[in-house]
Amino acid sequence: MQVTNQMGDQHEVPTEKGVGAGKKYLLPFILITSLFFLWGMAHGLDGILIPHLKKACQLNNRQSTLIDTSIFFAYFIMAIPAGLIIKKIGYKNSIITGLLVFAAGAFLFVPAANSTNFELFLFALFVIGCGLTILETSANPYAAILGPPESSSNRLNLAASFNGLAVTIAPFLGGIFILSGVNYSAEQMTAMPEATKAAYFLEEAAAVKLPYIILGSILVLVAILFYFMHLPSMKPQHTEVEVKPGFFSVLKFSHLSWAVVAQFFYVGAQVCVTSFFVRIAQKEAGLDEKTAAYYLGIYGFLFMAGRFSGTFFLKFVKDYILLSIYCVISVFLCLVAIYGSGIYIIYALGGIGFFMSIMFPTIFSLGLVGLKSNTETGSSWLVMSIVGGAILPYGMGTLIDIKHDDIQAGYIIPLVCFLIILYFGVFGHKVKQPISSQLPE
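Below is a summary of the structure that appears in this document. (Residues numbered from 1 in each chain as written. Predicted model: local features only at pLDDT ≥ 70, side-chain atom pairs only at ≥ 80, totals over all residues. Heavy atoms only, no water.)

This brings us to the overall build of the protein. Looking only at helices and strands, the protein has 21 helices and two strands in total. Within the protein, the fraction of its 441 residues that count as buried is 51%. Counted over contacts in the protein with a minimum sequence separation of 6, partners at least 24 positions apart contribute 82%. Looking at the protein as shown, the accessible area adds up to about 19,400 Å², and 68% of this sits on carbon and sulfur atoms. (Helix = DSSP H or I, 4+ residues; strand = E, 2+ residues; numbered from the N terminus. Buried < 20%, exposed > 50% of the residue type's maximum accessible area, 1.4 Å probe, protein only. Contact = heavy atoms within 4.5 Å. Areas by Shrake-Rupley, 256 points an atom, 1.4 Å probe, with all protein chains shown as cover.)

For the rest of this paragraph, the subject is the environment of Ile32. In this structure, Ile32 sits in helix H2 (residues 26–44). Judged by relative accessible area, Ile32 falls into the buried class, the value being 0%. Here the alpha-carbon distance between Ile32 and Ala139, two residues 107 residues apart in the chain, equals 6.5 Å.

What follows is about the packing of helix H14 (residues 289–313) against helix H16 (residues 343–355). Where H14 contacts H16, the two axes come as close as 7 Å, and the packing angle between them is 35°. H16 is crossed by H14, and the crossing has right-handed handedness. Residues Tyr295, Tyr299, Leu302, Phe303, Ala305, Gly306 and Ser309 of H14 form the contact with H16, whose participating residues are Ile343, Ile346, Leu349, Gly350, Gly353 and Phe354. Of the residues belonging to the contact of H14 with H16, the class tally is nine nonpolar, four polar and no charged. (Axes fitted to C-alpha atoms, helices over the stretch in contact; angles between N-to-C directions. Left-handed = near helix turned anticlockwise from the far one by under 90°. Nonpolar A, V, L, I, M, F, W, Y, C, P; charged D, E, K, R; others polar.)

Take the side chain of Thr133 next. Checked against the element boundaries, Thr133 lands in helix H7 (residues 118–145). Overall, the relative accessible area of 3% leaves Thr133 in the buried class. Residues in contact with Thr133, not counting those within four places in the same chain, are Ala74, Tyr75, Met78, Ala79 and Ala82.

What follows concerns the packing of helix H5 (residues 66–107) against helix H19 (residues 388–402). Closest axis-to-axis distance for the H5/H19 pair is 7 Å, and the angle between their directions is 165°. Overall, the two elements H5 and H19 adopt an arrangement that is roughly antiparallel. The two elements H5 and H19 meet at a crossing, and its hand is left-handed. Between H5, through Leu66, Asp68, Thr69, Phe72 and Phe73, and H19, the contact on the second element is made entirely by Gly389, Ala390, Pro393 and Tyr394. Residue composition of the contact of H5 with H19, grouped by class: six nonpolar, two polar and one charged. (Parallel < 35°, antiparallel > 145°, perpendicular 65-115°, else oblique.)

With that out of the way, let us pick up the environment of Ala112. Position of Ala112 among the secondary structure elements: in helix H6 (residues 109–115). Sequence separation of Ala112 and Ala205 is 93 residues, and the distance between their C-alpha atoms is 8.3 Å. Setting aside its immediate chain neighbours within four residues, Ala112 contacts Asn117, Leu120 and Phe121.

Empty pockets left among the atoms are what a rolling probe the size of a water molecule brings to light. Roughly 510 Å³ of internal volume is contained in the second largest pocket. As for the second largest pocket, its lining consists of 18 residues, of which Lys54, Lys55, Asn183, Tyr184 and Arg279 are closest to the centre. When contributions to the lining of the second largest pocket are tallied by element, the ones reaching two or more residues are helix H3 (46–56), helix H9 (186–191), helix H10 (194–206) and helix H13 (277–283). Here the residues of the lining of the second largest pocket are counted per class, giving seven nonpolar, four polar and seven charged. (1 Å grid on protein atoms, 1.4 Å probe; cavity = no way out; pocket = protein on both sides within 12 Å on 5 of 7 lines; lining within 4 Å. Points joined across faces, edges and corners; volume = space filled by probe spheres on them.)

On to helix H21 (residues 412–428), then. A rise of 1.5 Å per residue sets the reference length of H21, with its 17 residues, at 24 Å; its end C-alpha atoms lie 22 Å apart and thus fit the reference within 8%. Buried within H21 we find Pro414, Leu415, Cys417, Phe418, Ile421, Leu422, Phe424, Gly425 and Gly428. Looking at the buried side of H21, the elements it contacts are helix H12 (254–275), helix H15 (319–339), H16, helix H17 (359–367), H19 and helix H20 (407–410). (Expected span 1.5 Å × (residues − 1).)

Right, let's talk about empty space enclosed by the protein for a bit. Here the structure, examined in full by the defined rule, presents one cavity of 30 Å³ or more. Roughly 40 Å³ of internal volume is contained in the largest cavity. In this structure, the largest cavity is lined by Ala42, Asp46, Leu49, Ile71, Phe102, Leu125, Ile128, Tyr212 and Leu215. Partitioning the lining of the largest cavity into residue classes produces eight nonpolar, no polar and one charged.

It is worth spelling out the pattern of salt bridges at this point. Under the criterion given, the structure shown has six salt bridges. Put simply, Arg279 and Asp405 hold a salt bridge, and the shortest N to O gap is 3.3 Å. In this pair, Arg279 is assigned in helix H13 and Asp405 in the loop between H19 and H20, connecting sequence segments 126 residues apart. Glu284 is the salt-bridge partner of Lys283, the closest N and O atoms lying 3.7 Å from each other. (Salt bridge = Lys/Arg side-chain N within 4 Å of Asp/Glu carboxyl O.)

Counting across every chain of the model gives 20 aromatic pairs. Taken together, a centroid distance of 5.2 Å and an interplanar angle of 65° make the contact between Phe312 and Phe316 edge-to-face. Classification of Phe312 by relative accessible area gives partly exposed; the value is 43%. What links up through ring pairs into an aromatic cluster is the set Phe109, Phe121 and Tyr212. (Phe/Tyr/Trp six-rings, centres within 6.5 Å; stacked < 30°, edge-to-face > 60°.)

Grouped together as the largest cluster of nonpolar side chains are 126 residues, with contacts concentrated most on Leu35, Leu99, Tyr212, Phe226 and Met359. Setting aside residues no more than four positions away along its own chain, Tyr212 makes contact with Leu45, Leu49, Ala106, Phe109, Ile128 and Ile178. Counting five residues, the second largest nonpolar core, distinct from the first, contains Ala74, Ala82, Cys130 and Ile134. (Core = buried A, V, L, I, M, F, W, Y, C linked by side-chain atoms within 4.5 Å.)

Listed below in structure tokens is the structure:
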């Protein structure tokens, strides 16, 4: 049997039925699912790294958001090369390549920490982002074909649930093994002898070494397991070539254009909320950094719970209606985060995590409605739009610095993002005839 993957290529897929077939693909599927967990850990640790490296490397808010920029810009740069790599060396070898690149970035944290060099940290994170791009581009379609086609969506949802689990666990582990809980005021830092100050910064930076050495070692081990594991092959079949439109001309579908815009602002909003979660919990709710990391883990759990419950609600409510309702609630919760005080700010951010959980897949699916042969090109645009996670947090950090470290004011950025997504949910998602003007091919 043949199936068309996300890049439009047809591949042979397993057609065996019965208990024996299920057992045959159980171990490969477990390994594939572990990849979803591993890249969830990488993203889940970002919310810990930002406040930690801000302290260890003496950064302002704008500089600290370059952590997000490094990772998400790598996604933008590597999106198309990742597809070419898969076509050249196949899915199994691409997965191994992604794991090893990911591991190389993790191991680069050691020299970065030894030198307390923020630029080297950024390079390490960019390498991690490149590895994640290859890994995700390979693993998502492979999970879909690793078994009967009729159950592909179930396999993807099951694998994705472990991504959410990792996002929940990572802040707890980061709070234990990375955050020291030691914070000095500006006055204390000024009065501290230079040698003591240098030792403090070096000790703080060194805290990331062991967690990332362990992560990198696990990645290498998993790569070795994939190397020796027999995985069902996905060999392209020779079929009649279909002439498809140019990469830019697909944007004449207005609902896709709006979906790309909405996805850009959604990913930006999500990263903005998590990037400054620990800092706003410390500054406005009076929590120490370890307790703030605990609440970030609760936020991750609410995000995961929102995805499961949202999937249930979508059985009864149209997707664009639920998206619009969740946007309205998220706007209200942003206002609480901006104008509220104390622990209520943290509750509001947790609520945002719950209600924005369905936005990425909902925007993605609405943007692809009716595209037919343009679906693969539309998917590429929607994947590339996650560059919003590289740009908008930098804008939020800049605004916070302009407002003299007023972190609450920075949450105006995600509020505007949710308003733009609301427009997409109410108006922009509507499928219309392609606009007449021809964009460049």
